[in-house]
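Each chain is listed here by its residues.
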Amino acid sequence: MGFLALINAYTMRVCLSVAITEMVINTGASNPNDDSCSSVATILPNTTSIDATSDTSSSSSSRSSLPLYDWDEKLQGMILSSFYWGYVLTQVPGGLLAEKFGGKHTLGLGILSTAIFTLLTPIAVARGGPTALIVLRILMGLGEGTTFPSMNHLVAQWAPPSERSKIGSLVFAGTVAGTVTGNALSGILIHSYGWTSVFYFFGSLGVIWFTVFSLVCYSSPYEHPFISAKEKKYLTDSMSVHTHRNIPPTPWKHIFKSIPLWALTVAFVGQDWGTFTLTSDLPKYMHSVLKFSVKANGILSALPSLFMWLVSMLSSWIADWMINRDFMSRTNVRRMFTTVGFMGAAIFIISASYAGCNRTLVVILFVIAMATNGTVYPGMKVNALDLSPNYSGTILALANGIGALSGIATPYVVGVLTPDQTAEEWRIVFWIVFVFYAITNLIYLLYASGDVQKWNDPDFLIKSKLDQESNKGCNNANNKQTPISNYQLRRLSVH
């Protein structure tokens, strides 16, 4: 259900990226010196199913009655980025709510609200134009901002350390599977029924998921009414060392001073810059530069994410095997898989930008880039669970929230840098992605850790608090320490 939650979250997030290519008037390049590709070629010889321009007359007529909008590239970039304006605001509150009340309700209500706003999108656009769409996307972001913090908290409650890479990667790979599903089905739905259909379809799936999730899932093994005693004992025994039921309040001072956490945050910035550029804007590149039809666009934009998903699953099994066999430390496993994911993606994305109009080669290079990037899931993506199982929701919210600022910047940057949608303009965009991957990967290599941080331990936090209270009792006049009172000791023990 966690995997399906993230599929729903991402289909509702990315479907606009494909739909917007059919919502606007003249999304192609207008520059007379345009170096984009001819609109008559196909991706593969003798293949008509994904022809660059072909559309059946029936499907074209079914879409002809839908309204089109005169939105320039900058406005489109603003619309695509507006989701993240709300998204970054509810990251930390989502983590705190998940830790206080459990991840089930925080996750479920966040997905439900996003689904409702997705269903309302066609109506909002028809009545309020781009302003209404921007407001609605901000509200969607507010709802979905709780997704990753609450999901991380749920995984921390249910995934034993020996299976953390596999379970964590399986759940979080829902983001990739959602991108695959969202792009591929959006192209098919728009081709057959018009751009409004994607919002009704994916919004309805989100409501269905919420209904099932509410009935069958629980925040922790302790709350589940049907869990077997054997499974509960296994989970309790394997996670009792670092995962506790009653924990002190969030240790913000220790969190903000944690160098491994800031290294992880920097890695999130780099990863999000690359993936948001591709998930939000690759359909525009396929449409405007490579001149694929909407049906081909959806399928081919989904293809890189499909291979990324497959690699993430395979690499997660390898990562757990290496850790459990003591072949490599947890820290070095996280660093190695992150480096492969970051630098592999960076190199092949740049290569794709120099492949010109060889559509087959361009698609293959994008597929390889995203496939190698799949190794980040057993790398930096699950690293928050290593650092602090007790506060995993909050620290992922912090890292993911700062990383999500990339989602605000990238669509707007693309809109500004590609006003004519030419291949040379897009090459600058891909070089920026390369730089972000390279710099953030270097910082992560130097400072990342796979070890549980000492501030995860309630005993450490209580002792630290006792020391603070004791120091406050010092007599400034004679510099003699006043013993801590029994009341203070009992209050801190309760915490």
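Scope of this entry: the structure provided in the associated data block. Keep in mind that this is a model prediction, so the values were computed, not measured.

## A look at the overall build of the chain
Move 1: Broken down by element type, the chain carries 22 helices and zero strands.
Move 2: Of the accessible surface of the chain, which amounts to about 19,900 Å², a share of 65% is contributed by carbon and sulfur atoms.

## Things to note about the side chain of K166
Move 1: Looking at the secondary structure, you find K166 in helix α8 (residues 164–172).
Move 2: Look at K166 and you get buried, because its relative accessible area is 18%.
Move 3: When residues no more than four places from it in sequence are discounted, the contact partners of K166 are S316, W317 and D320.

## With respect to a nonpolar patch on the surface
Move 1: Nonpolar side chains collect at one region of the surface, where M1, L4, L185, I188, F201, L205, I208, V212, L215, V216 and I299 lie side by side and expose about 860 Å² of accessible area between them.
Move 2: For the nonpolar patch, the secondary structure elements donating two or more residues are α9 (174–193) and α10 (196–216).
Move 3: The dominant element in the nonpolar patch, judged by the number of residues it contributes, is α10, at six residues.
Move 4: Within the secondary structure layout, I208 lies in helix α10.

## Some remarks on the side chain of T375
Move 1: Along the chain, T375 falls in the loop between α16 (359–373) and α17 (383–387).
Move 2: Separated by 2.8 Å, the side chain of T375 and the backbone oxygen of F337 make a polar contact.
Move 3: Engagement of the side chain of T375 in a polar contact is seen with the backbone nitrogen of G341, the distance being 3.0 Å.
Move 4: Once you skip the residues sitting within four places of it in the chain, T375 turns out to touch V311, S315, F337, T338, V340 and G341.

## A short note on helix α5 (residues 103–119)
Move 1: If you check α5, its first and last C-alpha atoms are 24 Å apart, about what 17 residues at 1.5 Å a residue would give, namely 24 Å.
Move 2: For α5, the buried fraction is high: 12 of the 17 residues fall into the buried class.
Move 3: The complete set of buried residues in α5 reads G103, K104, T106, L107, G108, G110, I111, L112, S113, T114, A115 and T118.
Move 4: Of the surrounding elements, those touching the buried residues of α5 are α1 (2–23), α4 (91–101), α6 (121–144), α7 (147–158) and α10.

## Here we look at the packing of aromatic side chains
Move 1: In the structure shown here, the tally under the stated rule is 23 aromatic pairs.
Move 2: With centroids separated by 5.9 Å and ring planes inclined at 25°, the aromatic side chains of F3 and W309 adopt a geometry described as stacked. One end of the pair, F3, is in helix α1; the other, W309, is in helix α14 (residues 294–324), and 306 residues separate them in sequence.
Move 3: Given the relative accessible area of 18%, F3 is considered buried.
Move 4: For the ring pair F83 and Y84, a centre distance of 5.1 Å and an interplane angle of 80° mean the geometry is edge-to-face.
Move 5: Assessed through its relative accessible area of 0%, F83 is described here as buried.

## Quick word on unusual backbone geometry
Move 1: We note that D326 has phi near 60°; this positive angle belongs to a residue other than glycine.
Move 2: In this fold, D326 is placed in the loop between α14 and α15 (330–353).
Move 3: One non-glycine residue with positive phi stands out, namely Q421, at about 55°.
Move 4: The residue Q421 is located in the loop between α19 (405–417) and α20 (423–447) in this model.
Move 5: For Q421, a relative accessible area of 0% puts it in the buried group.

## Examining the environment of G143
Move 1: As for its position among the elements, G143 is in helix α6.
Move 2: Separated by 53 residues in sequence, G143 and T90 have C-alpha atoms that sit 7.6 Å apart.
Move 3: Leave out the neighbours within four places in its chain, and G143 touches G110, S113 and T114.

## Examining helix α13 (residues 259–288)
Move 1: An ideal rise of 1.5 Å per residue puts 44 Å on 30 residues; α13 measures up with 42 Å between its terminal C-alpha atoms.
Move 2: Of all the bends in α13, the greatest reaches close to 55° and is centred on D281; the proline P283 follows between one and four positions later.
Move 3: Where burial is concerned, most of α13 is hidden: 26 out of the 30 residues are buried.

## Side note on the nonpolar core
Move 1: Of all hydrophobic cores here, the largest spans 103 residues; its most connected members are M23, W71, W195, L264 and Y285.
Move 2: Within the second largest apolar cluster, five residues are counted, among which are A319, I323, V333 and F337.

## Describing the pattern of salt bridges
Move 1: On inspection of all chains with the given rule, the structure shows five salt bridges.
Move 2: Between K166 and D320 there is a salt bridge, and its shortest N-O distance comes to 3.3 Å. Taken together, the residues K166 in helix α8 and D320 in helix α14 connect sequence positions 154 residues apart.
Move 3: With its nearest N and O atoms 4.0 Å apart, the salt bridge here joins D386 to R330. Here R330 lies in helix α15 and D386 lies in helix α17, a separation of 56 residues in the sequence.
Move 4: Take D386: its relative accessible area is 1%, and that puts it in the buried class.
Move 5: For R330, a relative accessible area of 22% corresponds to the partly exposed category.
Move 6: Residues joined by salt bridges that share partners form a network here, namely R330, R334 and D386.

## Concerning the environment of Q76
Move 1: Structurally, Q76 is set in helix α3 (residues 73–87).
Move 2: Distance in space between the C-alpha atoms of Q76 and V414 is 9.7 Å, their sequence separation being 338 residues.
Move 3: Ignoring any residue separated from it by four or fewer positions in sequence, one finds Q76 in contact with I20, V24, W71 and K284.
Move 4: Reaching out from Q76, the side chain makes a polar contact with the backbone oxygen of W71 at a distance of 3.0 Å.

## Comments concerning the environment of H254
Move 1: Position of H254 relative to the elements: it lies in helix α12 (residues 252–256).
Move 2: Put simply, H254 and W455 are 201 residues apart on the chain and 6.5 Å apart in space, counted from C-alpha to C-alpha.

## Structural notes on the packing of α5 against α6
Move 1: The geometry of α5 relative to α6 is characterised by a closest axis approach of 9 Å and an angle of 170° between their N-to-C directions. Of the possible angle classes, the one that applies to α5 and α6 is roughly antiparallel. Across the interface between the two elements, G110, S113, T114, F117, T118 and L119 of α5 pack against T121, P122, L136, L139, M140, G143 and E144 of α6.
Move 2: Class assignment for the residues of the contact of α5 with α6 results in six nonpolar, six polar and one charged.

Reading the values: rules and limits
- Each chain carries its own residue numbering, running from 1 in the direction its sequence is written.
- The predicted nature of this model means local features are confined to residues of pLDDT at least 70 and side-chain atom pairs, given and counted, to a pLDDT of 80 or more, with totals for whole chains, interfaces and linings taken over all residues.
- Only hydrogens and water are set aside; all other atoms, that is, all heavy atoms of the structure, feed into the side-chain values.
- Each helix is a run of DSSP H or I of at least 4 residues and each strand a run of E of at least 2, with the numbering of both proceeding from the N terminus.
- Only the protein chains shown count as cover for residues, with accessible areas throughout obtained via the Shrake-Rupley method and a probe of 1.4 Å.
- For every residue, the accessible area (1.4 Å probe, protein chains only) is compared with the maximum for its type, and the residue is labelled buried under 20%, exposed over 50%, or partly exposed between those bounds.
- Contact definition: two residues touch when any of their heavy atoms are within 4.5 Å.
- By definition, no residue in a patch forms a salt bridge, and every one has over 30% relative accessible area; like charges are joined within 9 Å, nonpolar side chains (Val, Leu, Ile, Met, Phe, Trp, Tyr) within 5 Å.
- Every case where a carboxyl oxygen of Asp or Glu lies within 4 Å of a side-chain nitrogen of Lys or Arg is listed as a salt bridge.
- As used in this structure description, the phrase polar contact means that two N or O atoms lie within 3.5 Å; if the pair is within protein, one of them must be able to donate a hydrogen and the other to accept it, and residues adjacent in sequence are counted only when both atoms belong to side chains.
- What a helix should span is 1.5 Å times the count of its residues minus one.
- In this analysis, rings of Phe, Tyr and Trp, with Trp reduced to its six-membered ring, are considered paired at centre separations within 6.5 Å, and the interplanar angle assigns stacked below 30 degrees, edge-to-face beyond 60, and tilted for intermediate values.
- Consider a residue and the seven residues that end there alongside the seven that start there; fitting an axis to each set, the bend is the angle between those axes.
- Side-chain atoms within 4.5 Å link the members of a nonpolar core, which is a set of buried Ala, Val, Leu, Ile, Met, Phe, Trp, Tyr and Cys residues.
- Between N-to-C directions, angles cover 0 to 180 degrees, with each direction set by a line fitted to C-alpha atoms, over the stretch in contact for helices.
- The cut-offs work like this: below 35 degrees is roughly parallel, past 145 is roughly antiparallel, 65 to 115 is roughly perpendicular, and the gaps in between are oblique.
- Here the term charged refers only to Asp, Glu, Lys and Arg, the term nonpolar to Ala, Val, Leu, Ile, Met, Phe, Trp, Tyr, Cys and Pro, and the term polar to all other amino acids, Gly among them.

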